[in-house]
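Structural description and commentary
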Amino acid sequence: VYLIDKLAALAASNYTAIEGSLTDRNAVGLPIRYSGLNEKPTELSDALKQYESTIMTAKDRELYEAIKSGLDPYLSTRGQVLEMGANSQTMAQAAELFHTRLEPAYTRLQTAIQAEVDFNKANADVATQRIQEAVSRAQTGMLVSSLFGCMLAGIAGYTLVQAINRPLSRLVSAMEIIRRGDFSQELDLAQRDEFGLLAGGLNLVSTSLRDMIRKVQSSGVQVNTSATEIAATARQQLSTATEIAGT
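Criteria and thresholds
- Residues numbered from 1 in each chain as written.
- Predicted model: local features only at pLDDT ≥ 70, side-chain atom pairs only at ≥ 80, totals over all residues.
- Heavy atoms only, no water.
- Helix = DSSP H or I, 4+ residues; strand = E, 2+ residues; numbered from the N terminus.
- Buried < 20%, exposed > 50% of the residue type's maximum accessible area, 1.4 Å probe, protein only.
- Areas by Shrake-Rupley, 256 points an atom, 1.4 Å probe, with all protein chains shown as cover.
- Expected span 1.5 Å × (residues − 1).
- Bend = angle between axes of the 7 residues up to and from the residue.
- Salt bridge = Lys/Arg side-chain N within 4 Å of Asp/Glu carboxyl O.
- Core = buried A, V, L, I, M, F, W, Y, C linked by side-chain atoms within 4.5 Å.
- Axes fitted to C-alpha atoms, helices over the stretch in contact; angles between N-to-C directions.
- Parallel < 35°, antiparallel > 145°, perpendicular 65-115°, else oblique.
- Left-handed = near helix turned anticlockwise from the far one by under 90°.
- Nonpolar A, V, L, I, M, F, W, Y, C, P; charged D, E, K, R; others polar.
- Phe/Tyr/Trp six-rings, centres within 6.5 Å; stacked < 30°, edge-to-face > 60°.
- Patch = residues over 30% accessible without salt bridge, like charges linked within 9 Å, V, L, I, M, F, W, Y side chains within 5 Å.
- Contact = heavy atoms within 4.5 Å.
- Lys, Arg positive; Asp, Glu negative; His and termini not counted.

1. Some words on the overall build of the chain
Helix and strand counts for the chain stand at 5 helices and 0 strands. Secondary structure elements of the chain, listed N to C terminal, follow the sequence α-α-α-α-α. Here the chain, with 247 residues, has 25% of them falling under the buried criterion. A total accessible area of about 16500 Å² is found for the chain, and carbon and sulfur atoms account for 59% of it.

Written out as structure tokens, the structure is:
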């Protein structure tokens, strides 16, 4: 777009410079000065060559060929106008050639250049629209991904909390049962993690307490039996002593 705009600006300034010089000089009967005008064709040709390297589509190539076809006769007629305008005796013919041939050639050239400008502008608009659509799709995708990520995070968080809360609740309930003095139940957690270790430790404590209570009860029975036997022996000895004393 920059190169074709540069080409349009160069063509306009080239034509305006010739028109201004021809009008000013012809009014006083002086020939056109070549200063600064001889460089213009080279700038136009260079700009067109630079633009050719940017062509990518068949339509662009077609419009480029139209500009090239319009540039050649324009430069040829321009050269004739400058050549005739350099001589004061042919200034009138130069002015006539300017209006009859150079001006129409310039109009055709500018029309071809403008067609290329419009084509590039349309392509730029389409590209801009596609970029905006791509950005919009990307934003939508990011929003959907964010929502999906939040949903997954919520599900994962809920699952994690439940994975901790369920065995922890069972452990707390088992400890409450043990606190009330019931050591008969064992906690069965089919987990090989920290909760599984805690459940195993709690079961071991419950078993140890149960065994200890059983031993204490057994020892109490033995003590009670021994005390009964001792009391019976004491009564028997007392009875024997009483009998001896009576005789």
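Text resumes after the structure shown.
2. Some thoughts on helix 4 (residues 91-179)
The end-to-end C-alpha separation of helix 4 is 123 Å, in line with the 132 Å expected for 89 residues at 1.5 Å each. Approximately 40° is the largest bend angle found in helix 4, and it occurs at Phe 98. Looking one or two residues past helix 4, Gly 181 carries a phi angle of roughly 100°, positive in sign.

3. Thoughts on the pattern of salt bridges
In the structure shown here, the tally under the stated rule is 3 salt bridges. Close ionic contact of Lys 121 with Asp 125 constitutes a salt bridge, the shortest N to O distance being 3.3 Å. Of this pair, Lys 121 and Asp 125 are both found in helix 4, 4 residues apart, which corresponds to roughly one turn of the helix. Using a relative accessible area of 41% as the deciding quantity, one classes Asp 125 as partly exposed. The residue Asp 211 makes a salt bridge to Arg 214 at a minimum N-O spacing of 2.8 Å. Within this pair, Asp 211 and its partner Arg 214 are both found in helix 5 (residues 194-246), separated by 3 residues, close to a single helical turn. Judged by relative accessible area, which is 45%, Arg 214 ranks as partly exposed.

4. Considering the nonpolar core
Membership of the largest hydrophobic core comes to 28 residues, with the highest contact counts inside it found for Leu 7, Leu 44, Ile 67, Tyr 74 and Ile 113. Elements that contribute at least two residues to this core include exactly helix 1 (2-28), helix 2 (39-52), helix 3 (58-85) and helix 4. Here this core gets 9 residues from one element, more than from any other, and that element is helix 4. Ranked by size, the runner-up nonpolar core spans 8 residues in total, among them Leu 171, Ala 174, Leu 187 and Phe 195.

5. Here's the deal with the packing of helix 3 against helix 4
Where helix 3 meets helix 4, the closest approach of the two axes is 8 Å, and the angle between their N-to-C directions is 160°. With respect to each other, helix 3 and helix 4 are oriented roughly antiparallel. When the axes of helix 3 and helix 4 are compared, the crossing they make is left-handed. When grouped by side-chain class, the residues that make up the contact of helix 3 with helix 4 number 20 nonpolar, 6 polar and 5 charged.

6. Focus on the packing of aromatic side chains
Enumeration over the complete set of coordinates arrives at 1 aromatic pair. Ring plane angle 45° and centroid distance 6.0 Å describe the contact between Tyr 74 and Tyr 106, whose orientation is recorded as tilted. Of the two residues, Tyr 74 sits in helix 3 while Tyr 106 sits in helix 4, which places them 32 residues apart along the sequence. A relative accessible area of 0% places Tyr 74 in the buried class.

7. Considering a nonpolar patch on the surface
Residues Phe 148, Met 151, Leu 152 and Ile 155 make up a contiguous nonpolar surface patch of about 390 Å² in total accessible area. Relative to the assigned elements, Leu 152 resides in helix 4.

8. Examining the side chain of Thr 77
Positionally, Thr 77 belongs in helix 3. Excluding residues within four positions of it along the chain, Thr 77 makes contact with Leu 97, Arg 101 and Leu 102.

9. Structural notes on the side chain of Asp 60
Within the secondary structure, Asp 60 is located in helix 3. The buried charged residue Asp 60 lacks any salt bridge partner; its closest oppositely charged side chain belongs to Arg 61, at an N-O distance of 8.2 Å. Setting aside anything within four residues of it in sequence, one finds Asp 60 in contact with Tyr 51, Thr 54, Ile 55, Glu 116, Phe 119 and Asn 120.

10. Side note on the environment of Ala 112
As for its position among the elements, Ala 112 is in helix 4. Classification of Ala 112 by relative accessible area gives buried; the value is 11%. Separated by 49 residues in sequence, Ala 112 and Leu 63 have C-alpha atoms that sit 6.9 Å apart.

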